[in-house]
Amino acid sequence: MSEKTLTRMDLSEAVFREVGLSRNESADLVESVLNHVSDALVRGEQVKLSSFGTFSVRDKNARVGRNPKTGQEAPIPPRRVLTFRPSHLMKERVAEGNKS
Amino acid sequence: MIRSELVQIIADENPHLFQRDVERIVNTVFDEITNALAKGERVELRGFGAFSVKKRDARMGRNPRTGESVPVEAKAVPFFKTGKLLRDRLNGKET
């Protein structure tokens, strides 16, 4: 598998190519997309992006965890976690594209 | 929130852009992520999270209806890990 990692810069560059706005504005809009998705999740909303996937927030109860190194018990407070469920289309494309 | 609502919010904030351009911007962001994963690449968006591809080994599955064993091929699946900043924000730790 290739080690290449895309960042915000690559996404901005794609928007710049596709839409023809300035590089600066493209970068701002990519940031805006990510911020609005984050804000909705922080409000506790689910974010459903057809053909991409669904981000949902789940509440986890408090439980007693254990430091795996020392074996010592440590309380884990209740918390909210984010899960991403890829769409069928994304799963299919990722499975097809990475066949060995 | 669904895709069209996301497009609407960004269109409202950017009255100088055509709605169809905003649609293309939103689509490009998510298509680009899918395309990268389909090529086996990672996408790291600091503060938001990272998308990567995980390999699942071939295994013996079971047809839940008949209880029959069926081989399941090895495959690659998309994976998302929440970024630290977003994880903190979800738990009320604004920075």
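Treat the numbers as computed from the prediction; the structure is a model and nothing was measured.

A. Representation of the packing of helix 1 (residues 3-13) of chain B against helix 2 (residues 19-38) of chain B within the structure. Residue and element names in this part refer to chain B. The N-to-C vectors of helix 1 and helix 2 enclose an angle of 125°; their axes lie 9 Å apart at closest approach. By the angle class used here, helix 1 and helix 2 are oblique. Taken as a pair, helix 1 and helix 2 cross one another with a handedness that is right-handed. The residues of helix 2 that touch helix 1, namely those facing Arg3, Leu6, Val7, Gln8, Ile10 and Ala11, are Gln19, Val22, Glu23, Val26, Asn27 and Phe30. Of the residues that constitute the contact of helix 1 with helix 2, the class distribution is 7 nonpolar, 3 polar and 2 charged.

B. Local environment of the interface of chain B and chain A. Chain B puts 46 residues into the contact, and the matching count from chain A is 50 residues. Counting the surface lost from both chain B and chain A, the interface buries some 4,700 Å², and carbon and sulfur atoms represent 66% of this. In terms of surface lost to chain A, no three residues of chain B exceed Met1(B), Phe48(B) and Leu90(B), which account for 15% of the buried area on that side. For Asp39(A), the salt bridge identified is with Arg89(B), shortest N-O distance 3.1 Å. Applying the counting criterion to the chain B and chain A interface returns 19 residue pairs in polar contact (both at pLDDT 80 or more). Within the residue set of the side of chain B that touches chain A, elements represented by two or more residues are helix 1, helix 2, strand 1 (42-45), strand 2 (49-56), strand 5 (75-82) and helix 3 (84-90) of chain B. The greatest single-element share of the side of chain B that touches chain A, amounting to 14 residues, is contributed by helix 2 of chain B.

C. Expanded view of the packing of aromatic side chains. Applying the stated criterion to the full structure yields 12 aromatic pairs over all chains. Taking 5.5 Å as the distance between ring centres and 85° as the angle between the ring planes, the aromatic pair formed by Phe84(A) and Phe51(B) counts as edge-to-face. In this pair, Phe84(A) is assigned in strand 6 (residues 79-86) and Phe51(B) in strand 2, connecting two distinct chains. Judged on exposure class, the residue Phe84(A) and its partner Phe51(B) are both buried. Through pairs of rings, three or more aromatic residues link up here, namely Phe52(A), Phe55(A), Phe84(A), Phe30(B), Phe48(B), Phe51(B) and Phe80(B). Above the ring of Phe18(B), the side-chain terminus of Arg20(B) is found at 4.7 Å from the ring centroid.

D. Structural view of the nonpolar core. In terms of nonpolar packing, the biggest core is built from 45 residues, with Phe55(A), Ile33(B) and Phe51(B) touching the most fellow members. Sequence-distant contacts of Phe55(A), that is, excluding residues within four places in its chain, are made with Val37(A), Leu41(A), Gln46(A), Val47(A), Leu49(A), Leu82(A), Thr83(A), Phe84(A), Phe48(B), Phe51(B) and Phe80(B).

E. Summary view of the pairing of strand 3 (residues 59-62) of chain B. Residue and element names in this part refer to chain B. Across 4 bridges, the pairing between strand 3 and strand 4 (residues 69-72) is antiparallel. Pairing of Gly61 across the sheet is with Val70, part of strand 4. Hairpin geometry of strand 3 and strand 4 is characterised by an intervening segment of 6 residues between the two adjacent antiparallel strands and by a positive phi of about 75° at Gly67.

F. Fine view of the packing of helix 2 (residues 23-42) of chain A against helix 2 of chain B. Remark: helix 2 of chain A packs on helix 2 of chain B, axes separated minimally by 10 Å, with the N-to-C direction vectors making an angle of 80°. Of the possible angle classes, the one that applies to helix 2 of chain A and helix 2 of chain B is roughly perpendicular. Contact residues: Leu29(A), Val30(A), Val33(A) and Val37(A) in helix 2 of chain A; Ile25(B), Val26(B), Val29(B) and Phe30(B) in helix 2 of chain B.

Thresholds, definitions, all that
- Residues numbered from 1 in each chain as written.
- Chains lettered and ligands numbered in written order.
- Predicted model: local features only at pLDDT ≥ 70, side-chain atom pairs only at ≥ 80, totals over all residues.
- Heavy atoms only, no water.
- Axes fitted to C-alpha atoms, helices over the stretch in contact; angles between N-to-C directions.
- Helix = DSSP H or I, 4+ residues; strand = E, 2+ residues; numbered from the N terminus.
- Parallel < 35°, antiparallel > 145°, perpendicular 65-115°, else oblique.
- Left-handed = near helix turned anticlockwise from the far one by under 90°.
- Contact = heavy atoms within 4.5 Å.
- Nonpolar A, V, L, I, M, F, W, Y, C, P; charged D, E, K, R; others polar.
- Buried area = accessible area lost by both parts, 1.4 Å probe.
- Salt bridge = Lys/Arg side-chain N within 4 Å of Asp/Glu carboxyl O.
- Polar contact = N/O pair within 3.5 Å; in protein donor to acceptor, adjacent residues only side chain to side chain.
- Phe/Tyr/Trp six-rings, centres within 6.5 Å; stacked < 30°, edge-to-face > 60°.
- Buried < 20%, exposed > 50% of the residue type's maximum accessible area, 1.4 Å probe, protein only.
- Lys NZ or Arg CZ within 6 Å of the ring centre and 35° of its normal.
- Core = buried A, V, L, I, M, F, W, Y, C linked by side-chain atoms within 4.5 Å.
- Pairing = 2+ DSSP bridges.

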